[in-house]
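Breakdown of the fold
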Amino acid sequence: QSGDARAAQIPRYVRVNTTMWTLPDAVKYFTSQGFTLGTSLDASKTFVKDEHIPDLLLFPPQTTFHEDAAYKSGKLILQDKASCFPAVVLAPPARKDAVVIDATAAPGNKTTHLSALMRNMGKLYAFERDRKRFGTLTMMVSRAGCTNVEPVNSDFLTTDPLDDKFAKVTHILLDPSCSGSGIINRLDHLLETEEDNQEAQEDRLNKLASFQLMMIRHAMKFPKASRIVYSTCSVHATENERVVRAALLSDEASAGLFRLAPREDVLPKWHRRGMPEEMTIPEDATSLVRCSPGEDATNGFFVSCFVRQEVEVPSSN
Ligand code: SAM
């Protein structure tokens, strides 16, 4: 089946931007537009609530929203289901004193999601090193009404984790550049490349993996970081399990006592997990989430979550 044919089977996912709107109001709005809230997408003018992601609605694949008033005003965000996983797994705090980083933010789908989960409170630094993409990010953040976001046009790797302004950062999202091999519309093209030039492909993946590992190790240097989510839209173990495995063995992970969050803390109800054969401890794969393009009604995706182990301070009496 071609990428286009597979894409045509993926529901149209719409995330309600709870910074500006509520789920019940969105449901009322769609009902007034002639849609019926149902339990499956069998009929054409139906929509359903997603079973894993709160505030995510599913519409039949051919439904379009680009001219929709609620979409244009920022109340709705068109975002694949799998790409909603990282913010939900990071579960940033909704508190006035919360400080969170989105290290690789543009175009801003996950930034606006994080901001909504923080209920627009505290501070969310959104880094983006590319100038043009940074423009898109600032536009999206402002259209979505995210006033707790501070977009920063710089390279996350050049930030000083010991800078005072990052002293209270507890949660970090890393969704760095990757091969994009899980994106369904790109699959055909990638298959051809794979056949044409295996060696060049491997070389490219290894370079991406070194960069991705650097990003995780840098995030682990933030003194109060207690939860770090690393995600990709790649299907390759080189960019996924192998990067996580190397990160767990890094000096930064040992110094910060980072380990993988257990399955019950990482979308426990999602069926597809990581590849055990790629991990030093095979059971660690249950902590990892994978989405398989074509099989899960999403693009291909990978999510992992590192947490800092609590150290028990012995009591003095
Ligand atoms: N999280 C985004 C979203 O959901 O809309 C998508 C992020 S995209 C996969 C990766 C982004 O990270 C690109 O825009 C890229 O320019 C940016 N990037 C890559 N390396 C970076 C770095 N070292 N510091 C800041 N941004 C970086």
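Keep in mind that this is a model prediction, so the values were computed, not measured.

Broken down by element type, the protein chain carries ten helices and 13 strands. For a compact globule of 317 residues, the expected C-alpha radius of gyration is about 20 Å, and the protein chain comes in at 20 Å, within 12% of that figure. For the protein chain, the C-alpha atoms occupy an extent of roughly 65 × 50 × 45 Å along the three principal directions. Evaluated residue by residue, the protein chain yields a buried proportion of 41% over its 317 residues. Put simply, 75% of the contacts in the protein chain that link residues at least 6 apart link residues at least 24 apart.

Counting 76 residues, the largest nonpolar core has A103, I172, L174, I216, A219, I228 and V229 as the members making the most contacts within it. When residues of this core are assigned to domains, at least three map to each of domain 1 (3–78) and domain 2 (84–308).

The subject of this paragraph is the site of the ligand. In the region of the ligand, 19 residues are neighbours, and T104, N109, K110, R129 and F156 sit closest. Tallied by class, residues from the shell around the ligand come to seven nonpolar, five polar and seven charged.

Here we take up the pairing of strand 6 (residues 99–102). Burial along strand 6 is two-sided: the residues V99 and I101 and V100 and D102 are all buried. Strand direction decides the pairing type here: strand 6 and strand 7 (residues 123–127), joined by four bridges, are parallel. Residue I101 lies in a different strand from strand 7, and its bridge partner there is Y125. In this fold, the crossover linking strand 6 to strand 7 by way of helix 5 (residues 109–117) has right-handed handedness.

Moving on to the sheet that holds strand 1 (residues 12–16). Pairing within the open sheet is mixed, and its five strands lie in the order 2-3-4-1-5. Across the chains shown, the open sheet's two edge strands, defined by having one partner strand only, are strand 2 (36–37) and strand 5 (76–78). Here strand 2 runs beside strand 3 (residues 46–49); their pairing, made up of two bridges, is parallel. Bridge pairing in strand 3 links T36 to T46.

You can see V141 is positioned in helix 6 (residues 131–143). Each C-alpha atom of the pair V141 and A126 lies 9.7 Å from the other, and the pair is 15 residues apart in sequence.

The rules we used
Residues numbered from 1 in each chain as written. Predicted model: local features only at pLDDT ≥ 70, side-chain atom pairs only at ≥ 80, totals over all residues. Helix = DSSP H or I, 4+ residues; strand = E, 2+ residues; numbered from the N terminus. Rg over C-alpha atoms; globule rule 2.2 N^0.38 Å. Buried ≥ 20, exposed ≤ 12 C-beta atoms within 10 Å, placed from the backbone. Contact = placed C-beta atoms within 7 Å. Core = buried A, V, L, I, M, F, W, Y, C linked by C-beta atoms within 7 Å. Domains from an automatic or database assignment. Near = placed C-beta within 6 Å. Nonpolar A, V, L, I, M, F, W, Y, C, P; charged D, E, K, R; others polar. Pairing = 2+ DSSP bridges. Right-handed = clockwise from strand over helix to strand, strands pointing away.

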